[in-house]
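# A structural walkthrough
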Amino acid sequence: MSNGHDVILQMRHITKRFGPVVALDDVNITVRQGQIFSVCGENGAGKSTLMNVLSGVYPYGSYEGDILYRGKPCQFKSIRDSESQGIVIIHQELALVPYMSIADNIFLGNPIKKGIKVDDDAQRASAAKALEAVGLHESPDTLIANIGVGKQQLVEIAKALTKDVRLMILDEPTAALNDEDSGHLLRLIDDLRRNKGITAIIISHKLNEIAASADEVQVIRDGKTISTMTITEEQPLDQDRLIRDMVGRPLTNLYPEHIPNIGDEVFRIENWCVHHPLDEKRLVAENVCLNARAGEIVGLTGLIGAGRTEMAMSVFGRQYGVRASGKLYLEGREVSFPTVRSAIDHGVAYATEDRKTYGLDLLMTIRENISLASLKSLSWRSVIDCDRERAVSQRYRNEFRIKCPTVEMPASNLSGGNQQKVVLAKWMATAPKVLILDEPTRGIDVGAKLDIYEIIDQLADSGSAVVVISSELPELLGICDRIYTMCEGCITACLNARDTDQEELMRYMTNCVPVKQNGSADIHLNERTC
């Protein structure tokens, strides 16, 4: 699929250390002009570190080895140096300011000036041109806070185009996107390389996307180059080999075998309604009804904007929206959670989809994060029992295979997959009756995903009810017992996972159809259309 044969980038014998830890060990990559080159590996393998070396985040002199770009050695001291050569990196955590306009974000740190003043008209016109190039039909004056994550990714690419990008590095670009937005983004990257000659390096865990879009894929494991595979129509990607190279072992099944032992109903939501915090006339969740039983894993899915996360946040301590109404039942008794603390005290836990902002305190240690939600049970007369806290943290570190030298390490130093395990450990330490997991495997590699699926199974086997909110339909079909679908704030179906497929789920996620129920729980679902 590559449009060219000239080598645009070589990274030779790259070694990067953080104190005694070797993050990269003699890594070599070669990227050709016009390629879409994918870098794969487990969380913590060194992929992002390698790209940070390339882009100047880790400056020349802080690593060993050589970088040759367009045939010339490079010694980038900063991101500004690499951008001046046409190398632009788009991080997984988007670097956009929510309450600034699209145009202001695009030219943040690189303004168009007229004399000593910023030329707003020129910036707006240039931004409009860049937005058109990426197929984003939004006004340059629109605030970033008012557009979704998929459109924010396109703004980042538009921003790169204004910098005369030649080599674009994208770190997990589709991690937060649904299938439709992911497909649009990958088609855009392909168009840019075909029409503008832009070369792309994509860090991704989504094997189907790699197979469909990449020309070549390189696997890094434990900071070392493991393999490089060329992908063509005649030679498609061997996904089994790729998984084996990534994790160092064959994964015969992406989802662990699990025989559920389902008991009585634990949690029930009836006719739950929530209004938008800025527009009280707008219903974000309307007459939502769902339930979960002991030992059961229940899925909840819908397209972005369906109201899944908003509904969950409003249930868990009224964190979202206004004028929430409806009834909640826990073990047969009606309950109310006016605060997050009250929800936790009743045995309900919620692992947010945004682990860095809401799930963890990145300035705290792993030990402190794991114990954060269960300090009451770890304290005596309001004094934390440090020995018990350390023991609990160490136990979950071992059980969840959290890769860290010590639980006293800051959570910010962990890879995304290991941070997610810390979030799960934090809530597992509360011994929850109900655990709501919002996008629990977003941005996580296949090896770490399997670990998290096993943790979810363990929790269900302990008698808890688990609700998994996810955009990945194969994941829900692989781990859930029942699946609810949402459309425009309404539950549209309740289906047995073993009796449905992706096509049926998508039909109920996208169409305003009457509610369908073939799940085995006896909960009444409102028969209205969405």
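This one's a predicted model, so the numbers in the text were calculated from it and none came from an experiment.

The subject of this paragraph is the nonpolar core. Met311 and Trp427 are the most contacted members of the largest nonpolar core, which has 84 residues in total. In terms of residues, this core owes the most to one element, helix H15 (residues 446–461), which gives 7 residues. Setting aside its immediate chain neighbours within four residues, Trp427 contacts Phe316, Ile344, Ala349, Tyr350, Ala351, Ala373, Pro432 and Leu435. In terms of nonpolar packing, the next biggest core, distinct from the first, is built from 32 residues, Val88, Ile90, Leu136 and Ala200 among them.

Moving on, we come to the sheet that holds strand S10 (residues 199–203). Backbone hydrogen bonds hold the strands of a sheet together, and the pairing may be parallel or antiparallel. The 6 strands lie next to each other as S6-S9-S10-S3-S11-S12, forming an open sheet whose pairing is mixed. The open sheet is flanked by strand S6 (87–90) and strand S12 (224–230), the only strands paired with a single partner. Recorded for the sheet is a direction-independent mean angle of 15 degrees between the axes of neighbouring strands. Two elements, strand S3 (residues 36–40) and strand S11 (residues 216–221), share 4 bridges in a ladder whose sense is parallel. Bridge pairing links Val39 to Gln218 in S11. Its contacts with the sheet put helix H5 (residues 149–161) on S6 and strand S9 (167–171), and the angle it makes with S6 is roughly 165 degrees.

Before going further, it helps to spend a moment on the packing of aromatic side chains. Across all of its chains, the model carries 6 aromatic pairs by this definition. Taking the centre distance of 6.2 Å and the plane angle of 85 degrees together, the rings of Tyr60 and Tyr63 count as edge-to-face. Take Tyr60: its relative accessible area is 35%, and that puts it in the partly exposed class. Given the relative accessible area of 9%, Tyr63 is considered buried. Through pairs of rings, three or more aromatic residues link up here, namely Phe316, Tyr350 and Trp427. The residue whose ring lies beneath Lys16 is Tyr58, and the NZ or CZ to ring-centre distance is 4.8 Å. Here the basic side chain of Arg395 rests over the ring of Tyr396, its NZ or CZ set 4.6 Å away from the ring centre.

This brings us to H5. Spanning 13 residues, H5 covers 19 Å between terminal C-alpha atoms, matching the ideal 18 Å at 1.5 Å per step. Counting buried positions over the 13 residues of H5 gives 11, a clear majority of the element. Taken residue by residue, H5 has Gly150, Gln152, Gln153, Leu154, Val155, Glu156, Ile157, Ala158, Lys159, Ala160 and Leu161 as its buried positions.

Another aspect to go through is the domain arrangement of the protein chain. For the protein chain, the assigned domains are domain 1 (7–247) and domain 2 (265–347 + 473–516). Each of domain 1 and domain 2 has a C-alpha centre, and the two are 35 Å apart.

To continue, consider the pattern of salt bridges. All told, the structure shown has 27 salt bridges when counted by the stated rule. For Glu399, the salt bridge is made with Arg395, and the minimal N-O distance between the two is 3.5 Å. Here Arg395 and Glu399 lie together in helix H13 (residues 386–399), a separation of 4 residues that amounts to about one turn. Judged by its relative accessible area of 40%, Glu399 is partly exposed. Glu454 is the salt-bridge partner of Arg401, the closest N and O atoms lying 3.4 Å from each other. With Arg401 in the loop between H13 and helix H14 (416–428) and Glu454 in helix H15, the pair connects residues that are 53 residues apart, well separated along the chain. The partly exposed category is assigned to Arg401, whose relative accessible area is 45%. Each of Arg367, Asp387, Glu389, Arg390 and Glu408 takes part in one network of salt bridges that share partners.

Here the focus is the sheet that holds strand S5 (residues 72–73). Spatially, 4 strands are ordered S2-S1-S4-S5 in an open sheet, and the strand pairing comes out antiparallel. Looking at strand neighbours, the two that pair on one side only are strand S2 (21–32) and S5, the edges of this open sheet. Both strand S4 (residues 64–69) and S5 contribute to a ladder of 2 bridges, which runs antiparallel. Residue pairing in the sheet places Tyr69 in a bridge with Lys72 of S5. Contacts between helix H1 (residues 47–55) and the sheet are confined to strand S1 (7–18), S2 and S4, with S1 contributing the most and set at about 115 degrees to the helix.

Summarising burial for strand S21 (residues 434–438): 5 of the 5 residues are buried, a large majority. Burial of the side chains of S21 extends over both faces: Val434, Ile436 and Asp438 are buried on one face and Leu435 and Leu437 on the other. Bridging between strand S18 (residues 348–351) and S21 involves 4 bridges; their strand directions are parallel. Within S21, the position partnered with Tyr350 by the bridge is Ile436. Relative to strand S22 (residues 465–469), S21 runs parallel, the two being bridged by 5 bridges. Within the sheet, the bridge partner assigned to Ile436 lies in S22 and is Val467.

Moving on to the environment of Pro432. By the secondary structure assignment, Pro432 is in the loop between H14 and S21. Exposure remark for Pro432: the relative accessible area of 5% places this residue in the buried category. Excluding anything up to four places from it in sequence, Pro432 contacts Gly347, Ala349, Trp427, Leu459 and Ser464.

A few words now on the packing of H14 against H15. Running from N to C, H14 and H15 cross one another at 10 degrees; their axes reach a closest spacing of 11 Å. By the angle between their axes, H14 is roughly parallel relative to H15. Contacts from Gln420, Lys421, Leu424 and Met428 of H14 reach H15 at Asp451, Ile452, Ile455 and Leu459.

Conventions used here
Residues numbered from 1 in each chain as written. Predicted model: local features only at pLDDT ≥ 70, side-chain atom pairs only at ≥ 80, totals over all residues. Heavy atoms only, no water. Core = buried A, V, L, I, M, F, W, Y, C linked by side-chain atoms within 4.5 Å. Buried < 20%, exposed > 50% of the residue type's maximum accessible area, 1.4 Å probe, protein only. Helix = DSSP H or I, 4+ residues; strand = E, 2+ residues; numbered from the N terminus. Contact = heavy atoms within 4.5 Å. Pairing = 2+ DSSP bridges. Axes fitted to C-alpha atoms, helices over the stretch in contact; angles between N-to-C directions. Phe/Tyr/Trp six-rings, centres within 6.5 Å; stacked < 30°, edge-to-face > 60°. Lys NZ or Arg CZ within 6 Å of the ring centre and 35° of its normal. Expected span 1.5 Å × (residues − 1). Domains from an automatic or database assignment. Salt bridge = Lys/Arg side-chain N within 4 Å of Asp/Glu carboxyl O. Parallel < 35°, antiparallel > 145°, perpendicular 65-115°, else oblique.

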